[in-house]
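Reading the structure
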There are 2 protein chains.
Amino acid sequence: MRKTVELEKAYRLMNHGPTVLISSSYQGKANVMAAAWTMPLDFSPPKVAIVIDKNSFSRSLIEKSGEFVICIPTVQQEELTTAVGSCSGKSMDKFSEYKITTEKASLVAAPLISGCVAWLECKLIPEPHIQNTYDLLLGEVVAAWADDTVFSHGRWHFTNDTQRTIHHVAGGHYLHIGDAVTPDTLAD
Amino acid sequence: MRKTVELEKAYRLMNHGPTVLISSSYQGKANVMAAAWTMPLDFSPPKVAIVIDKNSFSRSLIEKSGEFVICIPTVQQEELTTAVGSCSGKSMDKFSEYKITTEKASLVAAPLISGCVAWLECKLIPEPHIQNTYDLLLGEVVAAWADDTVFSHGRWHFTNDTQRTIHHVAGGHYLHIGDAVTPDTLAD
């Protein structure tokens, strides 16, 4: 079940480096893209950094609306992640094309992608120089959510292999996250 | 064995979101710290973004020298990663304290930490505003290396569990990276 994550623990949803989906919405037009180049930037208030190409449809929606949502997909969404990362929302509605269902976010217009295991609602922190020079965008996390089947008490616990986060290497090739590193693992 | 990685594929060493060690050196003083907040920023020339606290010893070495190395540690280095991430090089020599062995980098003074599985030699791209405001540092990757036991032909292949990369969640709790996401995994 989707539960609120305290803002000061929101960084933990991204700290292990998953590949994410980024949703955006402006004046009734919405889009979703894939991004591996994301990281936490601060604890409290929580901030994030993401890289989004200036030619992408998402970039224009995010800069016009000043908002986006980082959604963390799972092994079951690997094909979807590659699919939405391989086409542009300029010429198609990816939500209908890929039968993506969504829920309303609490504080931003961009939607939460169903089936993901965590969601961070963000407001863009305008920094035109780095946006224009490096395609680097900063955001403040204003609300955060996680599926309590796999994230609770500030920790991930992947008991179900199909809900593990995915970590893109290149060309649609992903690794899934493993289990906790324990003294037993170290003793191997 | 440590082998050169083509610069245009260097981003693949970090694309899956591992926690890293960052080494630095200036006028004979060297240091190493842990960082989970890192990401690729561009393909070619390859660039990276990292977050480093302005009060850290590493930050001063990196800003004075204009150089750093991102080293990617393994499950076997989990305790070392937590240790060097929990103390300051201002008051100690972490290399002697933790018996860290190093090799010379090719283009920067900061050392390569032995036992890691990948290394990215970087030159700082000065951006004072985001350094001062967000502790956000950008770098250009000028040389890259990987242990060909686990990274070759542009792909990770973790056959040995002790050489898997580690992904920090919080408080010294890490997940190790898993295997490739395959159609079999998806069919679970």
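Residues numbered from 1 in each chain as written. Chains lettered and ligands numbered in written order. Predicted model: local features only at pLDDT ≥ 70, side-chain atom pairs only at ≥ 80, totals over all residues. Heavy atoms only, no water.

**Here's the deal with the interface of chain A and chain B**
Note the threshold: The contact criterion used is simple: two residues touch if any of their non-hydrogen atoms lie within 4.5 Å. Summed over both partners, buried area is the accessible surface (1.4 Å probe) that two parts give up on being assembled. We define a salt bridge as a contact between a side-chain nitrogen of Lys or Arg and a carboxyl oxygen of Asp or Glu at a distance within 4 Å. Secondary structure is summarised from DSSP: a helix means a run of H or I of at least four residues, a strand means a run of E of at least two, and numbering begins at the N terminus for each. Each residue gets one label: Ala, Val, Leu, Ile, Met, Phe, Trp, Tyr, Cys and Pro are nonpolar, Asp, Glu, Lys and Arg are charged, and the others, such as Gly, are polar. When DSSP finds two or more bridges between two strands, those strands count as paired.
Every contact between the two is made by 52 residues of chain A and, on the other side, 52 residues of chain B. For the pair chain A and chain B, the summed buried area comes to about 4,500 Å², and 66% of that belongs to carbon and sulfur atoms. In this assembly, chain A and chain B are joined by zero salt bridges. Counting residues per element, the side of chain A that touches chain B draws most heavily on strand E14 (residues 173-180) of chain A, at eight residues. A breakdown of the residues in the side of chain A that touches chain B according to their chemical character gives 27 nonpolar, 15 polar and 10 charged. Sheet topology note: the E14(A)/strand E14 (residues 173-180) of chain B ladder contains three bridges and is antiparallel. Following the sheet pairing, A:Ala180 is matched in E14(B) by B:Leu175.

**Some points on the relation of the copies chain A and chain B**
Put simply, the test is: Alignment of copies: least-squares fit on C-alpha atoms of residues with pLDDT of at least 70 in both copies.
Relative to chain B, chain A is turned by 180° and slid 0.0 Å along the rotation axis, the superposed coordinates differing by an RMSD of 0.0 Å. Put plainly, the chains are arranged around a two-fold axis. When you check the interface residues of chain A against chain B, 100% turn up at the interface there too, and the contact is symmetric in its surfaces.

**Observations regarding the UniProt feature "domain: Flavin reductase like" (unreviewed entry) in chain A**
Using the following cut-off: UniProt positions are given in the numbering used here, feature names are shortened, and annotations may be inferred rather than shown by experiment.
According to UniProt, the positions carrying the feature "domain: Flavin reductase like" (unreviewed entry) are residues 12-158 of chain A. A distance of 14 Å separates the end C-alpha atoms of residues 12-158 of chain A, which is 18% helix and 39% strand.

**Re the pairing of strand E13 (residues 166-170) of chain A**
Residues and elements named next belong to chain A. Put simply, the rule is: When a residue's accessible area, from a 1.4 Å probe over protein chains only, is under 20% of the maximum for its type it is buried; when over 50% it is exposed; and in between it is partly exposed.
Extensive coverage of E13 is indicated by the burial of five of its five residues. Relative to E14, E13 runs antiparallel, the two sharing four bridges. Its bridge partner lying in E14, Ile-166 is registered against His-176. Counted along the chain from E13 to the antiparallel partner E14, the turn is two residues long, and its residue Gly-171 has a positive phi close to 55°.

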